[in-house]
Amino acid sequence: MSRIGRAPIVIPAGVTVTVEEGNLVKVKGPKGELSRTLHPEMKITVEDNTVKVERPSEDKKHKSLHGLTRTLINNMVVGVTETYTKTLEITGVGYRAVRQGNNLNLSLGFSHPCIIEPPKGITLDAPAANQIVINGIDKELVGAMAAKIRSLREPEPYKGKGIKYAGEKIRRKVGKAGAKGK
């Protein structure tokens, strides 16, 4: 048995989980509502204050789907009770982020500013000129938004300029030693 898959998901107070036909799981909580269609072969049951995921056989495909299905449901339950947060840091002279309404205006050394519009359910904030905070109830969407913003100017290895995740270590390279013999 999968260690992750067999662990029951405890439903906190104020959260409702419903499983509809076709394994459409809907989770409603104080922060919002999420729904997702999961693999139809997995058996998802809601009993008392727990959600259990069972697999139909010991096939390799079912074993891998078992833990995945449980984790996706758990992420939905955690998301509607407490929001997910990703923090990005901007390094570089003249690089900065400014919030304009719901949008984020990034100056990243290009000839034009990069304006990011958040998708529904995501909030972007710039508490400092060199910091971006992404919040939302959908873990997958928060991570995708952070990756999209980071891809605008990934950190380069010589000076470390660019956008990186908070706590990320950038592997630095040594530059040219200098021109000798000229």
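Residues numbered from 1 in each chain as written. Predicted model: local features only at pLDDT ≥ 70, side-chain atom pairs only at ≥ 80, totals over all residues. Heavy atoms only, no water.

## Some remarks on the overall build of the chain
What the chain contains, in helices and strands, is three helices and 13 strands. Its C-alpha atoms give the chain a radius of gyration of 22 Å, clearly above 16 Å, the size a compact globule of 182 residues would have. Taking the principal axes of the C-alpha coordinates as reference, the chain spans close to 75 × 45 × 25 Å. Going through the 182 residues of the chain one by one, you find that 33% of them count as buried. Here the analysis covers contacts within the chain between residues at least 6 apart in sequence; of these, 50% occur between residues at least 24 apart. On the chain, roughly 11300 Å² of surface is accessible, and the fraction owed to carbon and sulfur atoms is 50%. (Helix = DSSP H or I, 4+ residues; strand = E, 2+ residues; numbered from the N terminus. Rg over C-alpha atoms; globule rule 2.2 N^0.38 Å. Buried < 20%, exposed > 50% of the residue type's maximum accessible area, 1.4 Å probe, protein only. Contact = heavy atoms within 4.5 Å. Areas by Shrake-Rupley, 256 points an atom, 1.4 Å probe, with all protein chains shown as cover.)

## Notes on the pattern of salt bridges
For the structure on display, the rule yields eight salt bridges. A salt bridge links Glu58 to Arg55; its shortest N-O distance comes to 3.0 Å. Here Glu168 and Arg150 are joined by a salt bridge, their closest N and O atoms 2.8 Å apart. With Glu168 in the segment after β13 (162–165) and Arg150 in helix α3 (residues 139–152), the pair connects residues that are 18 residues apart, well separated along the chain. Of the residues examined, Arg150 reaches a relative accessible area of 16% and is grouped as buried. (Salt bridge = Lys/Arg side-chain N within 4 Å of Asp/Glu carboxyl O.)

## Quick word on the sheet that holds strand β10 (residues 114–116)
Read from one edge to the other, the open sheet built from three strands follows the order β8-β9-β10, with strand pairing classed as antiparallel. Here the strands that pair on one side only, and so sit at the sheet edges, are β8 (96–100) and β10. Along the sheet, successive strands turn relative to each other by an average axial angle of 25°, direction set aside. As judged from the five bridges shared by β8 and strand β9 (residues 103–107), these two strands associate in the antiparallel manner. Bridging from a neighbouring strand, Ala97 pairs with Leu106 of β9. The strands that α3 touches are β9 and β10; relative to β10, the one it contacts most, it runs at about 175°. (Pairing = 2+ DSSP bridges. Axes fitted to C-alpha atoms, helices over the stretch in contact; angles between N-to-C directions.)

## Looking at the packing of aromatic side chains
This model, assessed by the stated rule, comprises zero aromatic pairs. When the ring centre of Tyr165 is taken as origin, the NZ or CZ atom of Lys86, which lies over that ring, is 5.4 Å away. Its end group placed over the ring of Phe110, Arg153 keeps NZ or CZ at 4.3 Å from the ring centre. (Phe/Tyr/Trp six-rings, centres within 6.5 Å; stacked < 30°, edge-to-face > 60°. Lys NZ or Arg CZ within 6 Å of the ring centre and 35° of its normal.)

These figures capture arrangement, not role.
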